[in-house]
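Chain by chain, the residues run as shown.
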Amino acid sequence: GVPVSEGSTDQLILAIDQGTRTSKAALISADGRTISGGSAAVGISSPRPGWVQQDPERIWSSVLEATAGCLASAPDAEIAGVALSTQRESVVGWQASTGAPLGPVIGWQDRRTADWCNQTINDQDRQLVRARTGLPVDPMFSAPKMRWLLDHLPNGVSVGDVRVGTVDSWLIWRLTGGAEHLCEAGNASRTLLYDITGLDWSYDLLEIFGLPATAMPAVMASDQGFGMTSGVPLVPDKTPILAVLADSHAALYGHGCTDVGSAKATYGTGSSVMAPVAELSTSEARVPTTLAWVIDKSPTYALEGNILSSGATLAWAADLLTDGRVADLVALAETVPDSGGATLVPAFSGLGAPHWDREAHALISGMSPSTTRAHIARSAVDSIAHQICDIVDVIQERSVPLRLFRADGGATSSALVVQTQADLLGREVQVGEVAEVSALGAAKLAWRALGNGAAWPTDSSGRIYRP
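Caption draft 1: Region of interest: helix 12 (residues 415-425). When we look at burial in helix 12, the residues that qualify are Leu416, Val417, Val418, Thr420, Gln421, Ala422 and Leu425. Following helix 12 by one or two positions, Gly426 adopts a phi angle in the positive range, close to 70 degrees.

Take a look at the structure:
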């Protein structure tokens, strides 16, 4: 773990970041220092083409493992509260009476409901979904996955005993020993069921997707408090869960990109480009509006474009071209000045924003006899940056020119990736000192909820890349 700083017996926030492939935990001080950290792999499976799922119990045990690893190097830490940052549109169902999962976690990349979305939801209902949520009907979002879980309940489970939610709901349920069935507003806004102006579930939308209100969690503001811990190993009972944010939103908050004209890109398995906006408009299809957070009962809206395959593209190319290590793939890409005309379109599960073409297929074009493995590697790196430029173009067209652009996530450890991004954007890109900003953002909001946000550094930029 990270070495324990002097004075670490002071109160700390336990920030848990539950991501697609990894659960992480960090102890974060009131002035924004990370005192210790832990992580655990989650595991992900694809039992059929287009299906992406995880084990709900493994998600929970990975959180406990990450927490144990984090607390092992700071055994005397006094935990003031818990902050949560979570993967977003993925869906969990469980029995209220037993807490037992009703099936796998259906991942945000999962496409099993694509045909259902196309065939079942009529144009009028699609327009209503967009008007209320800002989002298109797409298999990435939660409601169709919830419908699928209800259509595939184990024998003998009554609908009245069913609880469904996003990953934050599942973790809050487990952290509170089954006492609380809650969801944070930003996560709720990704379900296709939440009215982002009325700030609650829309009964019209629940009806469109055939979902019972009894199964849904209560929606809370991001800093409203989410109950107390109960029966969590190594964490004292009655520790308050102070703040919850969706991971992409938490990164935006952690970067300090809270004003119009600022934006961040998170390079994960997929990528998210997000920028706060002054006013809510749900008419734009290419880069949808989302609810970033509700703090002090006041909503902040943002434009967000989701890219389905960025880190996953590098992992695929690394398996194909090198020994499977992304670092070796990037090193190979660095041996050539450009891609030599080769272009990779990483539509491995279709294309997300701003194209929204789930029928698109991945392809490599522009090859010649002189194309080498290094050129293909370089085209994989370029493909991530090009996708982000597509989204930035739309954000600037709809809002204001960006004066601040910050980046985080695993791929930002590669100078080539970020320099390529700066060159193609034609603007400065700042990379945070901390690669994983989501946990930091959730902790920052938790400290603010405790009335201790003043000492937090406002500038998270570590490295600056100029075109």
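Having seen the model, we can carry on.
Caption draft 2: Structural context of the packing of aromatic side chains. Summed over all chains, the structure comprises eight aromatic pairs. Both rings, one in Tyr194 and one in Trp201, keep their centres 6.0 Å apart while their planes meet at 85 degrees; by these two values the pair is edge-to-face. Residue class for Tyr194 comes out buried when judged on its relative accessible area of 2%. On the accessibility criterion, Trp201 (12% relative accessible area) is buried. Through successive ring pairs, a cluster of aromatic residues spans Trp94, Trp170 and Trp173. For Arg112, the ring lying beneath its charged end belongs to Trp51, and the centroid distance is 3.8 Å. Taking NZ or CZ as reference, Arg112 lies 4.5 Å from the ring centre of Trp148, over its face.

Caption draft 3: The arrangement of the pairing of strand 8 (residues 162-166) in detail. Burial analysis of strand 8 places five of its five residues in the buried class, which makes it a mostly covered element. Of the two faces of strand 8, the one holding Val162, Val164 and Thr166 and the one holding Arg163 and Gly165 are both buried throughout. Here strand 6 (residues 91-95) runs beside strand 8; their pairing, made up of five bridges, is antiparallel. The residue bridging Gln95 from the neighbouring strand is Val162, located in strand 8.

Caption draft 4: Layout of the sheet that holds strand 3 (residues 34-41). Taken in spatial order, the five strands line up as 3-2-1-5-13 in an open sheet, and their pairing is mixed. Looking along the sheet, the strands with just one partner apiece sit at the ends: strand 3 and strand 13 (241-246). Each neighbouring strand pair of the sheet contributes to a mean axis angle of 15 degrees, computed without reference to strand direction. Note that strand 5 (residues 78-86) and strand 13 share five bridges and pair parallel. Bridged to Ser85 within strand 13 is Leu245. Lying on the sheet, helix 1 (residues 56-72) is in contact with strand 1 (11-18), strand 2 (22-28), strand 3 and strand 5; it crosses strand 3 at an angle near 145 degrees.

Caption draft 5: Representation of the environment of Gly341 in the model. When you line up the elements, Gly341 lands in the loop between helix 10 (326-333) and strand 18 (343-345). Looking at Gly341, the relative accessible area reads 48%, which means it is partly exposed. Sequence separation of Gly341 and Met367 is 26 residues, and the distance between their C-alpha atoms is 6.7 Å.

Caption draft 6: Molecular detail of the nonpolar core. Counting residues in each nonpolar core, the largest one holds 87 residues, and the members touching the most others are Leu193, Phe209 and Phe405. If one sorts the elements of this core by residue count, helix 11 (residues 373-398) sits on top with 12 residues. Ignoring any residue separated from it by four or fewer positions in sequence, one finds Phe405 in contact with Ala263, Ala265, Val273, Ile388, Val392, Leu425, Arg427, Glu428, Val429 and Gln430. By size, the runner-up hydrophobic cluster in this structure holds 34 residues, among which are Trp60, Leu71, Ala77 and Ile241.

Caption draft 7: Just the pattern of salt bridges, in detail. Scanning the model with the defined rule gives 16 salt bridges in all. A salt bridge links Arg88 to Glu304; its shortest N-O distance comes to 2.9 Å. With Arg88 in the loop between strand 5 and strand 6 and Glu304 in strand 17 (residues 298-307), the pair connects residues that are 216 residues apart, well separated along the chain. Both residues of the pair, Arg88 and Glu304, count as buried. Taken together, the salt bridges that share partners define one network made up of Arg88, Glu89, Arg190 and Glu304.

What counts as what
Residues numbered from 1 in each chain as written. Predicted model: local features only at pLDDT ≥ 70, side-chain atom pairs only at ≥ 80, totals over all residues. Heavy atoms only, no water. Buried < 20%, exposed > 50% of the residue type's maximum accessible area, 1.4 Å probe, protein only. Helix = DSSP H or I, 4+ residues; strand = E, 2+ residues; numbered from the N terminus. Phe/Tyr/Trp six-rings, centres within 6.5 Å; stacked < 30°, edge-to-face > 60°. Lys NZ or Arg CZ within 6 Å of the ring centre and 35° of its normal. Pairing = 2+ DSSP bridges. Axes fitted to C-alpha atoms, helices over the stretch in contact; angles between N-to-C directions. Contact = heavy atoms within 4.5 Å. Core = buried A, V, L, I, M, F, W, Y, C linked by side-chain atoms within 4.5 Å. Salt bridge = Lys/Arg side-chain N within 4 Å of Asp/Glu carboxyl O.

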